[in-house]
Amino acid sequence: MSLVLEGVSKVMNGQTHIYPTDLELQSGTMNVLLGPTSSGKTSLMRLMAGLDVPNTGKVIWGGKDVTGMRVQDRGVAMVYQQFINYPSMTVYENIASPMRLLKQSADQIDAAVKKAADLMKLTPFLDRKPLALSGGQQQRCALARALVKDAGLVLLDEPLANLDYKLREELRAEIPKIFEEAGSIFVYATTEPEEALLLGGNTATIWEGRITQFDKTPIVYRQPVNATTARVFSDPPMNFLKFEKAGNQIRFADGQLSSATLGAFAGLGDGSYVAGFRPNHLKLNKEAPDALEFTGKLTVTEITGSETFIHLKHHGENWVGLVHGVKNLKIGAPLSVYLDQAHVYIFAQDGTSVAPASYAAAA
Amino acid sequence: MAKITLENLAHSYLPNPKHEDDYALKELNHDWVDGEAYALLGSSGCGKSTLLNIISGLLHPSQGRILFNDKDVTNAPTTQRNIAQVFQFPVVYDTMTVRDNLAFPLRNRGADPTYIKDRVQQIAAMIGMEDSLNHKARGLTADAKQKISLGRGMVREDVNALLFDEPLTVIDPHMKWELRTQLKSLHHEFGHTMIYVTHDQTEALTFADKVVVMYDGRVVQMGTPQELFETPEHTFVGYFIGSPGMNVLAAEVQGDTAVIGGTQIALGKGFGRPTGNVELGVRPEFTSLSAGDAGLPVTIKRVEDVGRHKIVRADFQGTEINILAGEGENISPDMNRVVFDNAGINVYSNSWRVAPEVA
């Protein structure tokens, strides 16, 4: 089974929420929609589910056009950011409810509920009402209900956003394992790059109503096809610096001249470009002999205990670096940072990728 | 700005607390230094909001005193404590302009109009809203409204303390960066005493000079991010700080040697003979895989690619051990041992850290 969106778009109150979009999702896969708030993740999910009818295009499921079909007739399960359970029912009945609606036998229901409760670690709480549970348990209950529904399409809209950090960490590790077995199409919306990486599977990066890239998650992360994808899929954000190339010479926007020819710089034609690099690739020491060197003004440092975030003002841009260890550096003073050429991505002025960082091809 | 003293402070939501378990906040004594930034970190129900509400005066403690600059304010209402607060959700006057929202706390106290004008301009620059000063708050995004709340919290220079209760929860990850950095530079610039409640370790660690880790109504450790990382005083701190948290393994410890599931480990330092439930705590950052004969025998279960590094999940006799590996590091199938960097080994007895003997 596959779910195919063909030129699907959505306009509401004169505002375009989704520009014409093509996307194909396969059964048994985890598909992450990654983008900031209001980028179109929820709108796209609503179109997939049939909660909204697209203005243009078709939704095809298992080879059949389901564009106008109601959500009730499609076999879709959804879990939202808010924990939604029936407060008057026990956890058992909450999980069983979709199967009761389908008039399944008591034995079937009992077996499925117990299995889902076991996976979601809810077995001791089956007789309780949802409000007597912690937030994490309430959301597990909603997830268990989505699981027993045995729907062909499961949509999870930022399901962990309202949970404590540590609970999020635990559930995030469990969700792919649990849903992998089920064989449905999973779609998981999140604003957090790290969550997308941990979930694995495929990722579609979304920006202002458009999918900017869709591929296996590590490929989207390491080989972004444009600067927008790189920006969306980077936390802290990717750093950028413009440069011009003429003959053998590169002139960076800060006026610095360089003869970089390694990594993405290799074989680059003359023209205007944007160099991009991730915060964790910025170094305080010159590790690679051909590393590029930039000097900026240190504005803030943040120490996490094992690492230090460095905020640098460089030629009008705010750069962020993430280095190992605890560094006590002088705020407001000039700071030199180093960048291995292998870690530089190069984009055209319109943001299209010219060459990914050379390390990424190997990783 | 003020030094804040918590003296024999405890709180129970029950009318007649008898047992220690009846207290949502167990007795604590602390001096919070004037001008420092503190984060109260813990999961929901740990008592962090109870403590914040006592400091702000929203809650009267069952016992003990709270002092601002050595002056007892235990019975003073919030309005007399001269503090500024920012909450999880934006609190703005929708019908007012951004400028009037920011000026409100100053006007309320009859500040000089010229001063107000300058100060509002200064704050607007910090929160990056100079261009929207004349806009009505209504219709702004949640991010923008929360920026106004933060700005209004910081507009007065004469407050005793600034209290933040999960102020960045509703903010997008990208914007979080920006706001947190701004808060940090504001603190650097003005030296306000700041108390920041959060369940997010990254926020707590990056924002605060000192992080106060709370667990089950108790302060389990107050320390710099580095101290919490390198020497967690309690296994809970090891678990809660760090992603993934510290590996904890049952061990027998004698002197400078530990035995874990039949394997001997050199500790590099002496620990005497700790009693009770003895465990070794080693963070994934101090743990690595090896193909040699030394170390604990493990089976690799999963390798997670988190971008800038890999998390290797390995099994050691039924206990999960997490290992951090570099982004480009090759994990080969013959790596079946886990070794610890002994600079990163801590020993615990009944969950509390055992200090090593001084050599």
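Up top is the structure these notes are about.
Treat the numbers as computed from the prediction; the structure is a model and nothing was measured.

Chemist: Any chance you could explain the overall build of chain B here in plain terms?
Modeler: Each helix and strand counted, chain B has 9 helices and 23 strands in total. Principal-axis analysis of the C-alpha atoms places the extent of chain B at approximately 75 × 50 × 35 Å. Taken across its 359 residues, chain B has 53% of its residues classed as buried. Within the structure as shown, chain B displays about 15300 Å² of accessible surface, and the carbon and sulfur contribution to it stands at 47%.

Chemist: Explain the sheet that holds strand β2 (residues 15-26) of chain A to me, please; I cannot follow it from the model alone.
Modeler: Hydrogen bonds along the backbone pair up the strands of a sheet, which may run parallel or antiparallel. All names here are of chain A. Here 4 strands make up an open sheet; going across it, the order is β2-β1-β4-β5 and the pairing antiparallel. With partners counted over all chains shown, the strands left at the sheet margins are β2 and β5 (64-65), one partner each. Relative to the sheet, helix α1 (residues 41-49) contacts β1 (2-12), β2 and β4 (56-61), its axis offset from that of β2 by approximately 60°.

Chemist: Explanation requested: the pattern of salt bridges in the structure shown.
Modeler: A side chain of one charge can pair with a side chain of the opposite charge when the charged atoms of the two come close. The tally for this structure, following the rule as stated, stands at 25 salt bridges over all chains. The partner of Glu-327 of chain B in a salt bridge is Arg-222 of chain A, with the nearest N and O atoms 3.0 Å apart. A residue pair is termed interchain when its members come from two chains, as with Glu-327 of chain B in the loop between β20 (319-326) and β21 (337-340) and Arg-222 of chain A in helix α7 (residues 217-222). Here Glu-327 of chain B and Arg-222 of chain A have matching classes, each one buried. Linking Asp-158 of chain B and Arg-156 of chain B is a salt bridge whose minimum nitrogen-to-oxygen distance equals 3.3 Å. Linked by salt bridges that have partners in common, Lys-301, Arg-302, Glu-304, Arg-313 and Glu-320 of chain B make up one network.

Chemist: Just checking my understanding: could you explain a nonpolar patch on the surface for this structure?
Modeler: Residue and element names in this part refer to chain A. Nonpolar side chains collect at one region of the surface, where Leu-51, Tyr-80 and Ile-84 lie side by side and expose about 230 Å² of accessible area between them. Within the secondary structure, Leu-51 sits in the loop between α1 and β4. Among the residues examined, Leu-51 registers a relative accessible area of 32% and is labelled partly exposed.

Chemist: Honestly, the interface of chain B and chain A in this entry has me stumped. Any pointers?
Modeler: You'll often see interface size given as the accessible area lost when the parts meet. Taken together, the contact between chain B and chain A spans 35 residues of the former and 42 residues of the latter. Taking both sides of the interface into account, the surface hidden between chain B and chain A amounts to around 3200 Å²; carbon and sulfur atoms contribute 54%. The interface formed by chain B and chain A includes 4 salt bridges. Summed over the shared surface of chain B and chain A, the number is 11 residue pairs in polar contact (both at pLDDT 80 or more). Among the elements of the structure, α6 (173-190), α7 (201-207), α8 (225-230), α9 (235-240) and β18 (299-305) of chain B are those that each provide at least two residues to the side of chain B that touches chain A.

Criteria and thresholds
Residues numbered from 1 in each chain as written. Chains lettered and ligands numbered in written order. Predicted model: local features only at pLDDT ≥ 70, side-chain atom pairs only at ≥ 80, totals over all residues. Heavy atoms only, no water. Helix = DSSP H or I, 4+ residues; strand = E, 2+ residues; numbered from the N terminus. Buried < 20%, exposed > 50% of the residue type's maximum accessible area, 1.4 Å probe, protein only. Areas by Shrake-Rupley, 256 points an atom, 1.4 Å probe, with all protein chains shown as cover. Pairing = 2+ DSSP bridges. Contact = heavy atoms within 4.5 Å. Axes fitted to C-alpha atoms, helices over the stretch in contact; angles between N-to-C directions. Salt bridge = Lys/Arg side-chain N within 4 Å of Asp/Glu carboxyl O. Patch = residues over 30% accessible without salt bridge, like charges linked within 9 Å, V, L, I, M, F, W, Y side chains within 5 Å. Buried area = accessible area lost by both parts, 1.4 Å probe. Polar contact = N/O pair within 3.5 Å; in protein donor to acceptor, adjacent residues only side chain to side chain.

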